[in-house]
Amino acid sequence: MGAVFKLPVIHVENLADALARLQLRFQTRVVAADAHGASTIYDVPLTGNVCIVLGNEDAGISAAVAAVGQACAVIPMRKQTDSLNVGSASAVFL
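What counts, and where the lines are drawn
For every chain, the first residue of the written sequence is number 1, and numbering continues from 1 along that sequence. Residues qualify for local features only when their pLDDT is at least 70, as the model is predicted, and side-chain atom pairs are given and counted only at 80 or more; totals for whole chains, interfaces and linings, by contrast, use all residues. To obtain the side-chain values, all non-hydrogen atoms of the structure were included, while hydrogens and water were left out. The way it works is that DSSP assigns letters per residue, a run of H or I at least four long becomes a helix, a run of E at least two long becomes a strand, and they are numbered from the N terminus. Radius of gyration means the value over C-alpha atoms here, while the globule rule gives 2.2 Å times the residue count to the 0.38 power. Any residue under 20% of the maximum accessible area for its type is buried, any over 50% is exposed, and the rest in between are partly exposed; the area is computed with a 1.4 Å probe on protein chains only. Here the rule is simple: two strands pair whenever DSSP picks up at least two bridges between them. In what follows, residue pairs with any heavy atoms lying within 4.5 Å of each other are defined as contacts. The angle between two axes is taken between their N-to-C directions and runs from 0 to 180 degrees, where each axis is a line fitted to C-alpha atoms and a helix contributes only its stretch in contact. A residue counts toward a patch only above 30% relative accessible area and without a salt bridge, and it is joined to like-charged neighbours within 9 Å or, for Val, Leu, Ile, Met, Phe, Trp and Tyr, to nonpolar neighbours within 5 Å. Here the Shrake-Rupley method, with its probe set to 1.4 Å, supplies the accessible areas, and only the displayed protein chains count as covering residues. Any carboxyl oxygen of Asp or Glu that lies within 4 Å of a side-chain nitrogen of Lys or Arg is treated as forming a salt bridge with it.

1. Notes on the overall build of the protein
What the protein contains, in helices and strands, is 3 helices and 4 strands. Helices (α) and strands (β) of the protein occur, in sequence order from the N terminus, as α-β-β-β-α-β-α. Whereas a compact globule of 94 residues would reach a radius of gyration of roughly 12 Å, the protein reaches 13 Å, a difference of no more than 12%. Relative to its full complement of 94 residues, the protein shows a buried share of 26%.

Here you go:
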């Protein structure tokens, strides 16, 4: 069985609000994957309580979700590659 059947998954109406509550209740650092992020994944601490937020390849994450995060991290890529699908991007982050 795949990990999706073993990991806790929740569905929320407002992701930005849910992330803000997660930060307060569990002292979780929210890191947003952003193609225009100020830091690379190598510069952002990804240890401890961390929630990595990834958007879709076309639109990415919303401005409201990005604003909740403590960091926006980019995956460094060669000049010819402008994006990864969300599955590949999540694998790189992990």
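2. A closer look at the sheet that holds strand β2 (residues 39-40)
Strand order in the open sheet formed by 4 strands is β2-β4-β1-β3, with parallel pairing between adjacent strands. Sheet topology places β2 and β3 (50-53) at the edges, where each strand pairs with a single neighbour. Contacting β1 (29-33) and β3, helix α1 (residues 15-26) crosses the sheet at an angle of about 165 degrees to β3.

3. Side note on a nonpolar patch on the surface
Taken together, the side chains of Val4, Phe5, Leu7 and Val9 make up a nonpolar region of the molecular surface, amounting to roughly 450 Å² of accessible area. Looking at the secondary structure, you find Leu7 in the segment before α1. For Leu7, a relative accessible area of 55% corresponds to the exposed category.

4. Observations regarding the pairing of β3
Of the two faces of β3, the one holding Cys51 and Val53 is buried and the one holding Val50 and Ile52 is not buried anywhere. Sheet analysis places β1 next to β3, joined by 4 bridges and oriented parallel. Across the sheet, Ala32 pairs through a bridge with Val53, a residue of β3.

5. Comments concerning the side chain of Thr28
Looking at where Thr28 falls in the secondary structure, it is placed in the loop between α1 and β1. What makes Thr28 buried here is its relative accessible area of 8%. With residues up to four places along the chain from it excluded, the contact list for Thr28 reads Leu22, Gln23, Asn49, Val50, Cys51 and Gln70.

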